[in-house]
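Survey of secondary and tertiary structure
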Amino acid sequence: MSQARIPLVAGNWKMHKGPAEARRFAEELLGEFAKDRTGTPVPGHRPDVAVFPPFTSLPAVAQTLRGTAIAYGGQNCHWESKGAFTGEVAPAFLAELGCRYVLVGHSERRTLFGETDETCRKKLLAAVAAGIEPVLCCGETLTEREAGRTFEVLERQLRAALAGLASTASLTIAYEPVWAIGTGRTATPAQAGEAHRFIRNWLVRELSPAAGGRTRLLYGGSVKPDNFGELLRQPDVDGALVGGASLELASFRGIVGAATSYLTGLI
Ligand code: PGA
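The rules behind each value
- Residues numbered from 1 in each chain as written.
- Predicted model: local features only at pLDDT ≥ 70, side-chain atom pairs only at ≥ 80, totals over all residues.
- Heavy atoms only, no water.
- Buried < 20%, exposed > 50% of the residue type's maximum accessible area, 1.4 Å probe, protein only.
- Helix = DSSP H or I, 4+ residues; strand = E, 2+ residues; numbered from the N terminus.
- Pairing = 2+ DSSP bridges.
- Right-handed = clockwise from strand over helix to strand, strands pointing away.
- 1 Å grid on protein atoms, 1.4 Å probe; cavity = no way out; pocket = protein on both sides within 12 Å on 5 of 7 lines; lining within 4 Å.
- Points joined across faces, edges and corners; volume = space filled by probe spheres on them.
- Nonpolar A, V, L, I, M, F, W, Y, C, P; charged D, E, K, R; others polar.
- Expected span 1.5 Å × (residues − 1).
- Near = heavy atom within 4 Å.
- Polar contact = N/O pair within 3.5 Å; in protein donor to acceptor, adjacent residues only side chain to side chain.
- Areas by Shrake-Rupley, 256 points an atom, 1.4 Å probe, with all protein chains shown as cover.
- Axes fitted to C-alpha atoms, helices over the stretch in contact; angles between N-to-C directions.
- Left-handed = near helix turned anticlockwise from the far one by under 90°.
- Contact = heavy atoms within 4.5 Å.

Moving on to the pairing of strand β4 (residues 101–104). Side chains Tyr101 and Leu103 project from β4 onto one buried face, and the interleaved Val102 and Val104 project onto a second face that is buried too. Pairing geometry for strand β3 (residues 70–74) and β4, over two bridges, is parallel. Residue pairing for β4: glycine 73 is matched across the bridge by tyrosine 101. Handedness of the crossover is the feature at issue here: the chain leaves β3, passes through helix α3 (residues 91–96), returns alongside β4, and the resulting connection is right-handed.

Here's what the structure looks like:
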């Protein structure tokens, strides 16, 4: 990563942790990460931390984390602001709870719930309009990688989802190779580094040099405490979107700790 971008460690809880458990866990996270021993946040020596609880756990997490150094966000949203869309949640509802982020186009949403590049584009624009930073997830399947089509897939996903986005909009991108999600098979630092470099160059070219320089690119896919340090050493890897290892305090602490050690080493 670059010193200009503060690393972000984000926990995607997926369909885990109901309201009571989420509140307890948020309290534990607050004790761990929000403050140093004197009670003062220490930006610069610590990565940013965020969590993505299920919708129904968001109010409990918001009550615990609102106004603290730990951000939170939704795992999904709809693109309309209201209407007859049973089961959907508008970006403004997330904003009302103090959500800073929303995931858009996670591969589980794409493969299990029929999300397309086009719905990602609409969600992304709607999130930005509601004042929420989208975390656009992209990444190739194993078949696509083995066919040498990784960059082509990334390019298609980025071009479609980011069409019409103002180059001044705040955005995070998570590169999550589908074959690495929940499989224990992490991309090597070289594989992640190469994909992230491709995404960064694309953003510089197609959005603007400023947007390319400031946008955080997270790696996701079987991130663990013992593989994250190496991934973060890649110049264009600015953090992680963590699934399984974000559910337990010990493993999440280990990943945040790897980022903290990396930052401390830079100073
Ligand atoms: P994983 O999930 O860390 O369990 O592989 C990552 C994700 O789906 O965001």
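In this section: the layout of surface pockets. The space that makes up the largest pocket amounts to roughly 440 Å³. If you trace the largest pocket, you find 15 residues lining it, with Lys14, Met15, Gln75, Arg109 and Phe113 closest to the centre. Per element, the largest residue contribution to the lining of the largest pocket is four residues, and it comes from helix α4 (residues 107–113). Taken together, the residues of the lining of the largest pocket break down into six nonpolar, five polar and four charged.

The next thing to look at is helix α8 (residues 189–206). Taking 1.5 Å of rise per residue, 18 residues should cover 26 Å, and α8 covers 25 Å from first to last C-alpha, within 8% of that figure. Looking at α8, one finds that the buried residues are Ala192, Gly193, Ala195, His196, Phe198, Ile199, Arg200, Trp202 and Leu203.

Time to look at the site of the ligand. Close to the ligand lie 13 residues, the nearest being Lys14, His106, Glu176, Gly182 and Ser222. Take glutamate 176: an N or O atom from its side chain is 2.7 Å from an oxygen atom of the ligand. Between the ligand and serine 222, the relevant distance is 2.8 Å, taken from an oxygen atom to a main-chain nitrogen or oxygen of the residue. Burial of the ligand by the protein chains amounts to 96% of its free accessible area of 280 Å². Residue classes in the shell around the ligand are distributed as four nonpolar, seven polar and two charged.

Looking now at the packing of helix α1 (residues 19–34) against helix α11 (residues 249–266). Two elements in contact, α1 and α11, have axes whose closest approach is 11 Å; the angle formed by their N-to-C orientations is 35°. Of the two elements, α1 crosses α11, and the hand of that crossing is right-handed. Residue-level contacts link Phe25, Glu28, Leu29, Glu32 and Phe33 of α1 to Leu249, Phe252, Arg253 and Val256 of α11. In the contact of α1 with α11, the residues fall into six nonpolar, no polar and three charged.

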